[in-house]
Amino acid sequence: MKPLAEILRPTTIKNIVGQSQLLQSEGLVNKMVEKQFACNLIFYGPPGVGKTTFAYALGTDLHQEVHYFNASVEKKENLDKILKKATVEQPITLIIDEVQRMNQNKQDILLEYMEKGLVFVYFTTTENPYFVINPALRSRATILELKPISAQDMFTFFKQKLTHHELELLIDDEALMYLCELANGDLRVAINKLELLINLYPGEVINTPLISKVFDHKGVQQGGKYGDTFHDLKSALQKSIRGSDVDAALYYFARMLSLGEYEALMRRMLIIAYEDIGLANPVIPVHVFTACQVFRNVGMPEGVIPLGLVICEMALSIKSNSAYLATQNALNDVGQGKVYDIPAHLKDSHYSSAKKLNRGVGYKYAHNYPNDWVEQQYLPDELKDVHYYQPKLHSAYEKKLNEIYESFKKTPKK
């Protein structure tokens, strides 16, 4: 009997679960199918989100001859045999699973075939492709980042299968959603749990208490009717750090760690450092970036130490979002169509006839003046009195910056 995962495996991208960000009607993947155009791709994402399944489904929709190579277990000889089947008239598509385990020698073999258009490669990896894939290969492929599959997407998928009797299981909606949440974004985990229930509890009504008894619920996000979402946790972490509650920050940090979503966590930490702490303590972003790099090098569980340290440091730090707000204000003006002519004295004057057009005429070179500052207009006439940046003077560092800026204005005019 076929495993349930094989029975439910989509054979077309139309049936892929989740990944709506990649399957937009005008997006790359759908356009590839519409135009029947093949290219090299890197499917990057956490375990169980359907990277290999996506690659196979796309190959089917493109009517390609698809071959498979598992970099973690297969030998170089197997790769050679597959590649020798490729010709200019009959190029092949090759799925290379777990490319992060593929050594440099094997990766180098592919270059010539890819260059000549003999093979289209679909790489899959759970690790950052910028770290694990040869730059020469990576530059010849487009990265598709797959996201963890939401509990709601899983629920919708399984509910459809149950309604059409492709799955035979008596399970109520709340229990099904709870089971989907237990999977923490990993569809493979959810399918395996369903397969156990189908085979071990045939004819029985499956409810939430039974699932709690059968499966380990460690890491399930409790809260609300069906539980928190990953986005809620990211939001709670940022708001706790912004509010300087170190205990809450550590709690939400721990919950996110338990999900194994390390890259998403670290991305959010970097954003918090720049958005919420900013000019009040500008060394914090450097500390956070360094801690993230250490985590990637060290891994779990020791890598938690540097991340936890900077979570505490961010929560306890003085805060300022003045730079963030200033940036948003400028972006809003441009977005609202406030796009005006640049003052003539600021325009490019590095060509022979620039002066004939009054380009650069009257420009004052700041370094030629005391304190490397001179009063002159930089904004367009329509915005000359606008001030996007408003300092927050409770921060010692930002206060000092403002004092320096104000001192420029007191420089004797020349």
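Below is a short write-up of the structure. Since the model is a prediction, treat every value here as computed from it, not as a measurement.

Observations concerning the pattern of salt bridges
Item 1. Summed over the entire model, instances satisfying the criterion amount to 17 salt bridges.
Item 2. Residues Lys35 and Glu34 are paired through a salt bridge, measuring 3.7 Å at the closest nitrogen-oxygen approach.
Item 3. Look at Lys35 and you get exposed, because its relative accessible area is 56%.
Item 4. The partner of Arg296 in a salt bridge is Glu263, and the shortest N-O contact between them spans 3.0 Å. Taken together, the positions of Arg296 in helix α15 (residues 284-298) and Glu263 in helix α14 (residues 262-277) put the pair 33 residues apart, joining distant regions of the chain.
Item 5. We classify Arg296 as partly exposed; its relative accessible area is 28%.
Item 6. For Glu263, a relative accessible area of 23% gives the class partly exposed.
Item 7. By sharing partners, the salt bridges in this structure join Glu26, Lys31, Glu34 and Lys35 into a single network.

Examining the pairing of strand β2 (residues 66-70)
Item 1. Where β2 meets strand β3 (residues 92-97), five bridges bridge the pair, whose relative direction is parallel. Considered in β3, the bridge of Phe69 is made with Ile96.
Item 2. Read as a crossover between parallel neighbours, the route from β2 over helix α4 (residues 76-83) to β3 is right-handed.

So, the pairing of strand β4 (residues 119-125)
Item 1. Burial analysis of β4 places six of its seven residues in the buried class, the great majority of the element.
Item 2. The pairing of strand β1 (residues 41-44) with β4 spans four bridges and is parallel. Of the residues in β4, the one forming a bridge with Leu41 is Tyr122.
Item 3. For β3 and β4, the ladder comprises five bridges, and the chain directions are parallel. Across the sheet, Ile95 pairs through a bridge with Tyr122, a residue of β4.
Item 4. Between the parallel pair β3 and β4, the chain is carried across by helix α5 (residues 104-115), and the sense of this crossover is right-handed.

About the criteria used
Residues numbered from 1 in each chain as written. Predicted model: local features only at pLDDT ≥ 70, side-chain atom pairs only at ≥ 80, totals over all residues. Heavy atoms only, no water. Salt bridge = Lys/Arg side-chain N within 4 Å of Asp/Glu carboxyl O. Buried < 20%, exposed > 50% of the residue type's maximum accessible area, 1.4 Å probe, protein only. Helix = DSSP H or I, 4+ residues; strand = E, 2+ residues; numbered from the N terminus. Pairing = 2+ DSSP bridges. Right-handed = clockwise from strand over helix to strand, strands pointing away.

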